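Coordinates in review
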Amino acid sequence: VMATGTPDPQARFGQSVKGLLTEKVNTCGTDVIALTKQVLKGSRSSELLGQAARNMVLQEDAILHSEDSLRKMAIITTHLQYQQEAIQKNVEQSSDLQDQLNHLLK
């Protein structure tokens, strides 16, 4: 959370991605339940099983890709924080030098 009280963009993005992943996992669960009902009815069970397996693989790939992206964004965020701290120090040093120059010129 930023000093203004608004959520930090990375936190909002992380929450959004977590929400999407949860939604996809829930959708997968719903698909498995629907598949089970069809298998119990004996209607096109092998075709549905194959489709569900393909869907599960696609969902897993999407989740793994999202996790990888989140890890990379966390690393980038850390680097940006270091850069922001370095800039802040330079600004403070610049201000100190300006004060010293003004004092010398008086």
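To start, this report covers the structure provided alongside it. This structure is a prediction, so every number in the text was calculated from the model and none was measured. (Residues numbered from 1 in each chain as written. Predicted model: local features only at pLDDT ≥ 70, side-chain atom pairs only at ≥ 80, totals over all residues. Heavy atoms only, no water.)

1. Some points on the overall build of the protein chain
When you go through the protein chain residue by residue, the secondary structure sums to two helices and zero strands. Relative to the 2.2 N^0.38 estimate, which gives 13 Å for 106 residues, the radius of gyration of the protein chain is 26 Å and therefore markedly larger than a compact globule would have. Counting only C-alpha atoms and orienting by the principal axes, one finds that the protein chain spans roughly 95 × 25 × 10 Å. Relative to its full complement of 106 residues, the protein chain shows a buried share of 8%. Counting every atom, the protein chain has about 8,800 Å² of accessible surface; 60% of that belongs to carbon and sulfur. Charged side chains in the protein chain number 11 positive and 12 negative. The centres of these two groups are separated by 9 Å. (Helix = DSSP H or I, 4+ residues; strand = E, 2+ residues; numbered from the N terminus. Rg over C-alpha atoms; globule rule 2.2 N^0.38 Å. Buried < 20%, exposed > 50% of the residue type's maximum accessible area, 1.4 Å probe, protein only. Areas by Shrake-Rupley, 256 points an atom, 1.4 Å probe, with all protein chains shown as cover. Lys, Arg positive; Asp, Glu negative; His and termini not counted. Charge placed at Lys NZ, Arg CZ, Asp CG, Glu CD.)

None of the figures reported here should be taken as evidence of function without further support.
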